[in-house]
Amino acid sequence: MSPTASWTAKTTYPVLTRRIPCWPHGNPKDRHTVWLDEYLRPPANTGAGTLGGYESLRKTITTMTPDEVVEHVKKAVLRGRGGAGFPAGMKWSFLPKPDANGDGGQRYLAINADESEPASFKDRLLMDFDPHSVLEGIAIACYACRIQTAYFYIRGEYHHQAKVMEKAIRECYERGIFGKQGLLQGTRTKNRDQAWGLDVHLHRGAGAYICGEETGLLESIEGKRGWPRNKPPFPAIKGLFARPTIINNVETLAHVPSIMEMGWEWFSKQGCDSTFAGAPASWGTKLMGVSGHVNRPGVYECDLGIPLRVLIESKDYCNGMRNGKKFKGAIAGGISMGVLGPDQMDAEMDFDIGRKYNVLGLGTACPTVFDEDTDMVAVARNIARFYKHESCGQCTPCREGSGWLYQLLTRIESGAAKTKDLDLALEIATSMGTMPGTTICGLADGNNWAVRTIMNKYPQEFEARVKRTFVPVGISVGAGAK
Amino acid sequence: MAWIVKNSAGMKIPRRAEPYLTAALKEQLTREILPRYEQKRGALLPTLHAVQHEWGWLPWQALEEVGAFLDVNPAEVWDTASFYEEFWLQPKGAHVVAVCRSIACEVCDHASITAACKSKLGIEVGQTTDDGKFTLVELECLGLCEGAPACLVDETMHLNATPESITKAIDEARSTQGGHH
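Computed from a predicted structure; not experimentally measured.

What counts and what doesn't
- Residues numbered from 1 in each chain as written.
- Chains lettered and ligands numbered in written order.
- Predicted model: local features only at pLDDT ≥ 70, side-chain atom pairs only at ≥ 80, totals over all residues.
- Heavy atoms only, no water.
- Pairing = 2+ DSSP bridges.
- Helix = DSSP H or I, 4+ residues; strand = E, 2+ residues; numbered from the N terminus.
- Axes fitted to C-alpha atoms, helices over the stretch in contact; angles between N-to-C directions.
- Salt bridge = Lys/Arg side-chain N within 4 Å of Asp/Glu carboxyl O.
- Buried < 20%, exposed > 50% of the residue type's maximum accessible area, 1.4 Å probe, protein only.
- Contact = heavy atoms within 4.5 Å.
- Buried area = accessible area lost by both parts, 1.4 Å probe.
- Polar contact = N/O pair within 3.5 Å; in protein donor to acceptor, adjacent residues only side chain to side chain.
- Nonpolar A, V, L, I, M, F, W, Y, C, P; charged D, E, K, R; others polar.

Q: Looking at this structure, how should I read the sheet that holds strand 3 (residues 199-204) of chain A?
A: All names here are of chain A. Pairing is parallel across the open sheet formed by 4 strands, whose spatial order is 3-2-1-4. Across the chains shown, the open sheet's two edge strands, defined by having one partner strand only, are strand 3 and strand 4 (245-249). Looking at each pair of strands side by side, their axes are set apart by 20° on average, direction ignored. Examined bridge by bridge, strand 2 (residues 149-154) and strand 3 share 6 bridges and lie parallel to one another. In the strand pairing of strand 3, Ile 154 is matched with Arg 204.

Q: Would you mind going over unusual backbone geometry with me for this structure?
A: Negative phi is the rule for most residues except glycine; trans is the rule for most peptide bonds. Residues and elements named next belong to chain A. In this chain, Trp 23 is followed by Pro 24 through a cis amide linkage whose omega measures 0°. Counting through the fold element by element, Pro 24 comes out in the segment before helix 1 (36-40). A cis amide bond links Pro 232 with the next residue in sequence, Pro 233, at an omega value of 5°. Along the chain, the position of Pro 233 falls in the loop between helix 9 (214-221) and strand 4. Even without being glycine, Val 77 reaches a positive phi, approximately 45°. Examined against the element boundaries, Val 77 turns out to sit in the loop between helix 3 (66-75) and helix 4 (88-93).

Q: Got a minute to help me understand the pattern of salt bridges in this structure?
A: As a working rule, side chains carrying opposite charge can pair if their charged atoms are close by. This model, assessed by the stated rule, comprises 40 salt bridges over all chains. Between Glu 106 of chain B and Arg 381 of chain A there is a salt bridge whose closest N-O contact spans 2.8 Å. Highlighted residues: Glu 106 of chain B in helix 5 (residues 103-107) and Arg 381 of chain A in helix 14 (residues 376-390), drawn from two different chains. Exposure class is identical for Glu 106 of chain B and Arg 381 of chain A. Each is buried. Measuring nitrogen to oxygen at the nearest pair gives 3.2 Å for the salt bridge that ties Asp 421 of chain A to Arg 411 of chain A. Separated by 10 residues along the polypeptide, Asp 421 of chain A in helix 16 (residues 419-431) and Arg 411 of chain A in helix 15 (residues 396-414) bring together distant segments of the chain. Among the residues examined, Arg 411 of chain A registers a relative accessible area of 37% and is labelled partly exposed. The structure contains a network of salt bridges with shared partners spanning Lys 122, Asp 123, Glu 251 and Lys 286 of chain A.

Q: What exactly am I supposed to notice about the interface of chain A and chain B here?
A: One widely used convention gives an interface's size as the accessible area the parts lose upon coming together. Contacts between the two partners involve 66 residues from chain A, matched on the other side by 40 residues from chain B. Regarding the contact of chain A and chain B, the summed buried area is about 4,400 Å², with carbon and sulfur atoms giving 53% of it. Linking chain A to chain B there are 7 salt bridges. The shortest N-O distance in the salt bridge between Asp 79 of chain B and Arg 225 of chain A comes to 3.2 Å. Linking chain A with chain B are 28 residue pairs in polar contact (both at pLDDT 80 or more). No other element matches helix 14 of chain A, which puts 10 residues into the side of chain A that touches chain B. For the side of chain A that touches chain B, the class distribution of residues is 25 nonpolar, 24 polar and 17 charged.

That's the geometry; what it means functionally is another story.
Below you can see the structure in the form of structure tokens.
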């Protein structure tokens, strides 16, 4: 039996999507934005206690100290859902220790809702329909990290979502959940028996992919161009306005309330363990946004570790390939991660995917699926154009290399290229951004992984497009040579 | 490409008497936005958004006014504004039709949507119609991949667009007032 056939879902109820109907638990047609009044009522279809409703926040701040919350999230190995998969609890623990009176001084939380990676659209679902679950996670994270100001950085193209979040934040202020008086109308917290004030501000970006990189995002909040910063110093030490700053993804924070409510042991029973000794586990569920040539594209909440084949073929999820076509490949999760080849349909969607299947990583777990008719050279050209367009221009290898790659791939696609151009494209792809690091941020890495994996996994398509270069041997040598 | 900057030496800045950053806008920004940021410059993006929302684009004079308002050198305001694709430094049409051209939309035939927009509006990508009503652009991923091919008409998302549906959406937008984003 193949590993795929034996796979069964461990989590039989929705967690993140408990208020957002998603297949197989509900029909997406029934979706609506859950405003505060509805959010305060426990959801009907929950399989895991009365989650959310700001009760998780109340329970957390009245029964646990900030350090206990961080410890709890650390035990849950809540890995970042924004792409890198760095454990959130670990990130929080990097903040400088509080001073003698228990405060950390001015420090910030920046929420990364700059979901600009092509093929990624999972955070939009949460912002569209369940904004308060995100805000509750933000409140818990701020309490845990002793933060009193949070910036919700949302990409400029999400006009509707920005309005939804703005209204949800306003609701929280009106009801005294946020504000100077302290969380939940000034509830006494277990932190020195004092209320904990919190301000959350929405900050709209303006159409720059690079602002999704954490330090680029900070620059953008400071009112500068979104040029990533050199690290160290890491943002946890010196971030926004040179203060200690934590940057978390929307989905990561949306996971926090249920972990606090149900415990880290409950969280560890979802998802899967790592098959590599010593590697952090892939616990919990994950929003997976499938697009491309499938019958039912959309966002699904699955256990981490679900094989891509199940995600595509199961009636619970995408219900097979569109028009019964054959699977040719899929972007692993956001184009930076590279492409899974035709023989990698059984890849498990967990944080180990990068080490097992020759892609960069899980990314945002949003695969775009290609059927047998897809022109992979065009796919590579499209991706190269994206990086050329979005390179911020700060580091030379990326600024120049992304343009060259795009030119080369355009030439290959048009049929005017020669065999040696394939080698040249690969050489450019492997010499920009790769370790030991010739660029400040990972954009060049994303570019080269995407182009390299496509060229390596579909070599015949590229070779068929180029003119053979014959190397004449033994002629044109000597005085008569031109 | 955010990093390509045109040579502006000897350029003349058209000016008008009344400011773009009006007293009402200033008052609103001072009350609501400035207190949110530890440093005044933090309010630069929200201020530019507010001015663009009011006028549809960001003229040079407006950038200078924003600089004076936030104690930022006008050159630095330009530096920031020119980096972000959504800030319009030339006038745009009253409505913006933005077709997504990224990977999921391309493999689901975004080209037919762009073609339909082009023939409907009679312009190429990046141009504005002569009556100043519509600007057509192609953007990188709009984050609407499950509904590929997708596009934005002003601030409204259109998923699973077809040449017919986008033509209809353009007609509907024409009958409404401009949506300045």
